[in-house]
Amino acid sequence: MNESMPFNDVDYTTLAERCRGDFPLLARQMHGRPLVYLDNAATSQKPQPVLDALQYYYRQQNANVHRGVYQLSEEATAAYEAARARVQRFINAAAMEEIIFLRGTTEAINLVAQAYARPRLQPGDEVLISAIEHHSNIVPWQIVCRQTGAQLRVIPVLDNGELDQSAFAELLGPRVRLLALTHVSNALGTINPIAEMIAQAHRQGIPVLIDGAQAVPHLRVDLQALDADFYAFSGHKLYGPTGIGALYGKRRILEAMEPWQGGGEMISQVSFEHTDYNQLPYKFEAGTPNIADAIGLAAALDYVDNLGLEVIAAHERQLLAYGTRALQQVPGLRLIGTAPDKAAILSFVMAQAHPHDISTILDRCGVAVRAGHHCAMPLMQRFGLAGTARASLALYNSRQDIDVLIEALHQVVRMFGDATTEGGQ
Amino acid sequence: MDDELRELYQQVIIDHGRHPRNFRRIEGDCRCRQGYNPLCGDQLELCLQRDAQGQITDVAFQGQGCAISMASASMLSEVVKGKTPAEAERMFDAFHRLLTGEEGAEQGAELESLGKLRVLAGVREFPSRIKCATLAWHALMAALEPGNDEPVTTE
C-alpha cells in the first residue's frame, strides 16, 4: 500500500489510530454513540497485553510468593519480582529495594505520613504542601499534624495555575521538615518545576515527597536525576490494573524507618518476645501482596515503553494544543488552569451551565468527562468555583474525540442558550 | 437530539434554574436549614416561615448548584407555600416516587397533586441526578422537623 502512495503524501496515521484497537473497552457504545473516553486523569483504560498478563498469571502461575519451595511458587515469585524490577527501570530508581508495591498513590502517601513523618515531627514543626494538591496529598498530612502538633503550610497558586515560586522560597523556613508536592495537578494540568523545587528544598536539608499519580502516564520520570526522597504513583492511571501502585523511597531513608503494618512477609524472625523485620522492600509489604496486579502493571509499563513515552507525550501535547484552541471557540467557555507547562488536562466552566449539567449532556453524546471538585476542594475554593468539567487525554485519544467533545458542548450551548443574550422571560 | 435529554432540560426547568423564584432571604422569624451534596458541591440554604397553626406561609432559598437542583428548589418554593407540614411531606413522597419511577407514580390523583413539579419527571432517566432534584426537599423536611439543627446532605 505504501508503494502506491505518492512520495510527498503526509502520513496521517496517529498514535491513537494505531493503538485504539488495543483497548477492548473503547469499542463500547454509550447511549447509542461510540464512547469518547476523556476521563483518563481519573483512570485509564487497559490494553489487551495487560488483560492477557492478568489472565495468564491466574491461569498458569498463581501461587503465593516468597513462601513455597515448589516450582509454581518460584515462578510466581520470579514474575512478581520481575515486575518490581520493571517499575525500577521505568522510573530509573537506583535499586529494586527502593520500590514498594502498595495499593496506589494514596496508600503510599499515608505510609510516608505515618511511618516516616509521624515519629519525626515535633510540635511547631511544619509540613509544606501546595494549593493544588489532591485530597490524598492533603488529608494524610492533616492527620499526622494533628497527631504530632505540627503545622501544615500551603504554597499558594497563581491565577494561571502555576505555584507562586517566590512564596515557596519564603515558606521554606527552618521548621519545615517535609515538602509534599504534586508533580502534575489533577484538576488543572499544571506541571510543577519539581526538579528546581526539590533542589531548593534539599539546599535547606528538607526531604521531598512527590505525588506522581498524574505525571507517570505523561512524562518520563528519572528519579536518580530528580533526586526526590519519595515518589508515589498508581498503576491504574498508567494503563495498568486498579489496586496496585508503588512507593519509591531512597534506601537510606527507608532503612531508617520502622515498618508501617505488621504481618506475614515483613518479618524475618518472630517470637512472642521479639520480632526481627525483613529487609527492604519486604519490610513495608505486610501480608500477601497484590501479585497479579503488580504483574499487570509491569505489562502496562512494557506497553507504554514499546510505544515510547516521548512519542505519547508528543501526541498528547499536540492534542492538548488542538483541544485548547477548540475549547476557546465555544461561546461562554472559560478554561481553568492555563499554565505554560501543562499535561493533557482541560478543565473548564461554562457561563450557561453547571459542570454537572454539562457532563450529563456530554454523556448522552457518548463523551465521558469528569464534573465536580476533582478531590481538590481547597483549589476550587481558591478559584471561586464549586467545580469544573474536566476532559483529560490519553494516548488513545484523537482529534476526532476532541471534535465530538466540541460538538457536544455546542449541544449544551443550544440547550442552555447563549450566555451573552441572557434575559428574563 | 436525545429525547430523554430534551425531556430533562425542558425550557421551564432551564428558566427556573437560571431565574429561580424566591431566591432571597426571609426577613424576620424563620427557620433555615442547609442542604449539601458533597459529590457535586451543590449547596443551598432553605428558609421557611409558618403561622400559628403550623401552615407554611413563606419559603425562600439561596445557594448554588446545577440547573436541576436550582429548578427543583425554585419550584418547591412555589408549591409548598400554603401547605401544612403533613401536606408537604406527602408531596415529597409523591415527588420522590415520580423521580425514582416507583410503582404508583403514574397514579392519577397523586400525580395531579404534584402540579408543576411533574415537569421534573424526566430526571427518572438519569439516576445520578435524583439527588440534585431532592436536595431542597431534604432541606425542607429538616426545617419542618422540630429540634433538628443538623445540616442535611444527600450523601
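The rules behind the values
Residues numbered from 1 in each chain as written. Chains lettered and ligands numbered in written order. Predicted model: local features only at pLDDT ≥ 70, side-chain atom pairs only at ≥ 80, totals over all residues. Heavy atoms only, no water. Helix = DSSP H or I, 4+ residues; strand = E, 2+ residues; numbered from the N terminus. Rg over C-alpha atoms; globule rule 2.2 N^0.38 Å. Buried < 20%, exposed > 50% of the residue type's maximum accessible area, 1.4 Å probe, protein only. Contact = heavy atoms within 4.5 Å. Areas by Shrake-Rupley, 256 points an atom, 1.4 Å probe, with all protein chains shown as cover. Lys, Arg positive; Asp, Glu negative; His and termini not counted. Charge placed at Lys NZ, Arg CZ, Asp CG, Glu CD. Disulfide = S-S within 2.5 Å. Polar contact = N/O pair within 3.5 Å; in protein donor to acceptor, adjacent residues only side chain to side chain. Pairing = 2+ DSSP bridges. Axes fitted to C-alpha atoms, helices over the stretch in contact; angles between N-to-C directions. Phe/Tyr/Trp six-rings, centres within 6.5 Å; stacked < 30°, edge-to-face > 60°. Lys NZ or Arg CZ within 6 Å of the ring centre and 35° of its normal. Domains from an automatic or database assignment. Buried area = accessible area lost by both parts, 1.4 Å probe. Salt bridge = Lys/Arg side-chain N within 4 Å of Asp/Glu carboxyl O. Core = buried A, V, L, I, M, F, W, Y, C linked by side-chain atoms within 4.5 Å.

**Comments concerning the overall build of chain A**
From N to C terminus, chain A includes 14 helices and 17 strands. Taking 425 residues into account, the globule formula puts the C-alpha radius of gyration at 22 Å, and chain A, at 23 Å, falls close to it. When its C-alpha atoms are laid out on the principal axes, chain A stretches across 80 × 60 × 45 Å. Split into buried and exposed, the 425 residues of chain A put 57% on the buried side. Of all intrachain contacts in chain A linking residues separated by at least 6 positions in sequence, the fraction that spans at least 24 positions is 71%. Summing over all exposed atoms, chain A offers an accessible surface of approximately 18000 Å²; the carbon and sulfur share of this is 50%. Considering chain A, the positive charge centre built from 34 side chains and the negative charge centre built from 44 side chains are found 4 Å apart.

**Quick notes on the state of the cysteines**
Each disulfide is one covalent bond, formed between the sulfur atoms of two cysteines. All names here are of chain B. On inspection of all chains with the given rule, the structure shows one disulfide over all chains. With a sulfur-sulfur separation of 2.1 Å, Cys 32 is cross-linked through a disulfide to Cys 47. Measuring the twist about the S-S bond at about 110°, one finds the Cys 32-Cys 47 disulfide to be right-handed. With Cys 32 in strand E1 (residues 31-37) and Cys 47 in strand E2 (residues 42-50), this residue pair connects regions lying 15 residues apart in the sequence.

**Considering the side chain of A:Asn397**
Residue and element names in this part refer to chain A. The topology assignment puts Asn 397 in the loop between strand E17 (388-392) and helix H14 (399-416). There is a polar contact of 3.1 Å between the side chain of Asn 397 and the side chain of Asn 40. Within polar-contact distance, the side chain of Asn 397 engages the backbone nitrogen of Ala 394 at 2.8 Å.

**Let's talk about the sheet that holds strand E13 (residues 333-336) of chain A**
Residue and element names in this part refer to chain A. Pairing within the open sheet is antiparallel, and its four strands lie in the order E13-E14-E17-E16. Edge positions in the sheet fall to E13 and strand E16 (370-372), since each of these pairs with one other strand and no more. The average undirected angle you get between the axes of adjacent strands in this sheet is 30°. Note that strand E14 (residues 345-350) and E17 share four bridges and pair antiparallel.

**Some words on the packing of aromatic side chains**
Residues and elements named next belong to chain A. Enumeration over the complete set of coordinates arrives at eleven aromatic pairs over all chains. Seen in terms of ring centroids, Phe 23 and Tyr 303 are 5.7 Å apart; in terms of plane orientation they differ by 85°. Their pairing is edge-to-face. With a gap of 280 residues between them, Phe 23 in the loop between helix H1 (15-19) and strand E1 (29-30) and Tyr 303 in helix H10 (residues 291-307) connect regions that are remote in the sequence. By relative accessible area, which is 1% here, Phe 23 ends up buried. Considering the side-chain rings of Phe 23 and Tyr 396, the 4.7 Å spacing of their centres and the 65° angle between planes classify their relative orientation as edge-to-face. Highlighted residues: Phe 23 in the loop between H1 and E1 and Tyr 396 in the loop between E17 and H14, separated in sequence by 373 residues. By relative accessible area, which is 0% here, Tyr 396 ends up buried. Ring pairing ties together the aromatic residues Phe 23, Tyr 239, Tyr 303 and Tyr 396, which thus form one cluster. In this structure, Arg 220 is placed above the aromatic ring of Phe 90, and the distance from its NZ or CZ to the ring centre is 5.5 Å. The aromatic ring of Phe 383 is capped on one face by Arg 382, whose charged end is 4.9 Å from the ring centroid.

**Section: the domain arrangement of chain A**
Size of an interface, as often reported, equals the accessible area lost when the parts are brought together. All names here are of chain A. We note that the domain assignment places domain 1 (7-30 + 308-416) and domain 2 (50-305) within chain A. For domain 1 versus domain 2, the separation of C-alpha centres amounts to 29 Å. Of the residues lining the interface, 35 residues belong to domain 1; the matching set on domain 2 comes to 32 residues. The contact between domain 1 and domain 2 buries some 2600 Å² in all, and 59% of this surface belongs to carbon and sulfur atoms. The tally of links between domain 1 and domain 2 comes to two salt bridges. For the pair domain 1 and domain 2, the interface holds 18 residue pairs in polar contact (both at pLDDT 80 or more).

**Description of the interface of chain B and chain A**
Of the residues lining the interface, 25 residues belong to chain B; the matching set on chain A comes to 18 residues. The contact between chain B and chain A buries some 1900 Å² in all, and 54% of this surface belongs to carbon and sulfur atoms. Inspection of the chain B/chain A interface yields three salt bridges. Counting across the interface, chain B meets chain A through ten residue pairs in polar contact (both at pLDDT 80 or more). When contributions to the side of chain B that touches chain A are tallied by element, the ones reaching two or more residues are helix H1 (3-8), helix H2 (11-18) and helix H3 (67-79) of chain B. For the side of chain B that touches chain A, the leading source of residues is H1(B), giving four residues.

**Focus: the sheet that holds strand E10 (residues 245-249) of chain A**
All names here are of chain A. The strand order E4-E10-E9-E8-E7-E5-E6 describes an open sheet built from seven strands, whose pairing is mixed. Edge strands, defined here as strands with exactly one partner in the open sheet, are strand E4 (99-102) and strand E6 (151-155). Pairwise comparison of adjacent strand axes, ignoring direction, gives a mean angle of 20° for this sheet. Note: strand E5 (residues 126-130) against strand E7 (residues 176-182), three bridges, orientation parallel. Each bridged residue has a counterpart across the sheet, and for Leu 128 the counterpart in E7 is Leu 179. Seen against the sheet, helix H4 (residues 105-120) touches E4, E7, strand E8 (208-211), strand E9 (230-234) and E10 and runs at an angle of roughly 150° to E9.

**Let's talk about the pattern of salt bridges**
Opposite charge on two side chains lets them pair, provided their charged atoms get close. This structure, assessed with the given rule, holds 26 salt bridges over all chains. In this structure, A:Arg177 engages A:Asp125 in a salt bridge whose closest nitrogen and oxygen atoms are separated by 3.4 Å. In this pair, A:Arg177 is assigned in strand E7 and A:Asp125 in the loop between H4 and E5, connecting sequence segments 52 residues apart. Its relative accessible area of 33% is what places A:Arg177 among the partly exposed residues. For B:Lys116, the salt bridge goes to B:Glu78, with nearest N and O atoms at 2.5 Å.

**Overview of the nonpolar core**
In this structure, A:Val87, A:Ile91, A:Leu179, A:Tyr231 and A:Leu395 are the most contacted members of the largest nonpolar core, which totals 82 residues. For this core, the element with the most residues is H10(A), which contributes twelve residues. Counting contributing residues per domain, this core is built from domain 1 (7-30 + 308-416) and domain 2 (50-305) of chain A, each supplying no fewer than three. Not counting chain neighbours up to four residues away, the residues in contact with A:Ile91 comprise A:Ile99, A:Val221, A:Asp222, A:Leu223, A:Phe233 and A:Tyr248. The next biggest cluster of nonpolar side chains, apart from the first, holds 80 residues, and it includes A:Leu393, B:Leu114, B:Leu117 and B:Phe126.

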